[in-house]
Amino acid sequence: LEKDVIGKQPAWMALSCGVNDVAHGAAGIPLDKYRENVTQIEDRTQKAGIRVMIMTATMIFEDRENESNKKLAGYNDFLRQLAKDKGCLLADLNADMQAIVKATRPLKAGPILTVDGVHMNPSGNVMMAKGVLKAFGLNALQIETAHDAWGTKMLAAEEGAGDRIRFPGPKTDYHGFDRHDFTVEGRKAIVVVPKKELPGRPWIWRAEFFYSFPGVDLALLEKGFHLGFISVGNTYGSPDALAHWDVFYREMTQKYRLSKKPALEGLSRGGLYIYNWAAGNPDKVGCLYGDAPVCDIKSWPGGKGKGLGSTSDWEALLKYYRFASEQESLDYKSNPIDNLAPLAAAGIPIIHVYGDADEVVPWQENTLIVKERYVKLGGHITLIPKPGVGHHPHGLPDPMPIVDFIVEKAGR
């Protein structure tokens, strides 16, 4: 202690111990001896003028009722009390870890552990770093800003070494850009790579109709965005479809290190996907781009208002959403128009392009209601009307107003 810590006179020492002590079972250190050792380390360090941050032991064993878990819980309870008694900062990493893996089984396939089920993977190390930042009093926004700054710095180092992310699958041409086709959880996925990516690896995530009206996508690729897509079938933004979106998001942001806040692009029925996923994941969205987007299933495919509707799509939607009756679908309160509060609270900027003569997805029943309600909630939304235009064509003759909006809001 004197040589390796006190002798170097750091401003802070992070005190974290306990996992190996408990993991060795009967050979581990008894709790009374553990208390004595840790208290002595804290006292000697504090007296040397070095401030101490106490970190709870992270490990969680598969069987929460086993003796090792009970022993580790005793260690951590002592550490929490010691931090309180001695006025030390507390980074409660064990509590953070439990919150992350609470519903994840088996732990060896969890989101923050390596395959041995004990050591942290890169996401686990990030969790620990965020726990330290939180202990220092940083709020959630400051922590994410620090994390993004670190990611940008690491990315710059990777780019300096010529390291580009390599996506799986065969490489083909997509309008002059490299396209990769592969599968994620059994679903077809596509990623198109820019010739020179922007720092932070921003990306646009298209919800539906990958090949249709690609003007915005191509312009963003030119500017350094990646383009991502996962095929979940024509399932109208249903919960089952969005479960696949969750997996795709983790794959893109963790394995391939794309930005944690993509721009979501929803053409027509794609609006259901982007709004529904964003409402459940408001901290994971840079901005929303809706192009004549469906924002109320009663309007389309239901055709319960001014719109033409689609009988076959309405019947399919009732099945995919598992509505017991049509009345249940009409009473549904999680349409995009009804579920804007999480987006407004997160400050997600929105842009809509629409034709004011659209008879398929009438803007008055979709975009206009979103606009009125989102502004009332304190949200920011930009509208670009196309006078005399119907549901098609999507996009703008010059896509740059949309592109500039997305670059500004999601181009970090």
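Report on the accompanying structure. Predicted, not measured: the structure shown is a model, and the values here were computed from it. (Residues numbered from 1 in each chain as written. Predicted model: local features only at pLDDT ≥ 70, side-chain atom pairs only at ≥ 80, totals over all residues. Heavy atoms only, no water.)

Digging into the pattern of salt bridges
Part 1 of the reasoning: The final tally for this structure, using the stated rule, is 18 salt bridges.
Part 2 of the reasoning: With its nearest N and O atoms 3.1 Å apart, the salt bridge here joins Lys86 to Asp43. Taken as a pair, Lys86 in helix H3 (residues 67-86) and Asp43 in helix H2 (residues 31-47) lie far apart in primary sequence, 43 residues in all.
Part 3 of the reasoning: A salt bridge links Arg373 to Asp338; the shortest N-O distance between them is 3.3 Å. On the criterion of sequence distance, the pair formed by Arg373 in helix H13 (residues 367-376) and Asp338 in the loop between helix H11 (326-330) and helix H12 (341-345) is long-range, its members being 35 residues apart.
Part 4 of the reasoning: Taking relative accessible area as the criterion, Asp338 reaches 29% and is therefore assigned partly exposed.
Part 5 of the reasoning: Through salt bridges that share partners, Asp77, Arg80 and Asp92 make up one connected network. (Salt bridge = Lys/Arg side-chain N within 4 Å of Asp/Glu carboxyl O. Helix = DSSP H or I, 4+ residues; strand = E, 2+ residues; numbered from the N terminus. Buried < 20%, exposed > 50% of the residue type's maximum accessible area, 1.4 Å probe, protein only.)

Digging into the sheet that holds strand E9 (residues 263-267)
Part 1 of the reasoning: Pairing is mixed in the open sheet, where nine strands are placed in the order E4-E5-E6-E8-E7-E9-E10-E11-E12. The open sheet is flanked by strand E4 (171-174) and strand E12 (381-386), the only strands paired with a single partner. Within this sheet the neighbouring strands show an average axis-to-axis angle of 20°, counted without direction.
Part 2 of the reasoning: Note that strand E6 (residues 187-193) and strand E8 (residues 226-230) share four bridges and pair antiparallel. The partner of Ile190 across the bridge, within E8, is Phe229.
Part 3 of the reasoning: Taken strand by strand, H13 contacts strand E11 (350-355) and E12, and its axis lies near 155° from that of E12. (Pairing = 2+ DSSP bridges. Axes fitted to C-alpha atoms, helices over the stretch in contact; angles between N-to-C directions. Contact = heavy atoms within 4.5 Å.)

Notes on the nonpolar core
Part 1 of the reasoning: Of all hydrophobic cores here, the largest spans 40 residues; its most connected members are Phe167, Trp205, Trp245, Met252, Tyr275, Leu288 and Leu343.
Part 2 of the reasoning: For this core, the element with the most residues is helix H8 (residues 239-255), which contributes seven residues.
Part 3 of the reasoning: Not counting the four nearest positions on each side in its chain, Tyr275 is found in contact with Leu288, Cys295, Pro336, Leu340, Leu343, Ile350, His352 and Val370.
Part 4 of the reasoning: Ranked by size, the runner-up nonpolar core spans 25 residues in total, among them Tyr174, Ile204, Leu221 and Phe405. (Core = buried A, V, L, I, M, F, W, Y, C linked by side-chain atoms within 4.5 Å.)

Some remarks on the side chain of Asn335
Part 1 of the reasoning: With respect to the helices and strands, Asn335 occurs in the loop between H11 and H12.
Part 2 of the reasoning: You can call Asn335 buried: its relative accessible area is 1%.

Bear in mind that shape data such as this cannot, by itself, settle questions of function.
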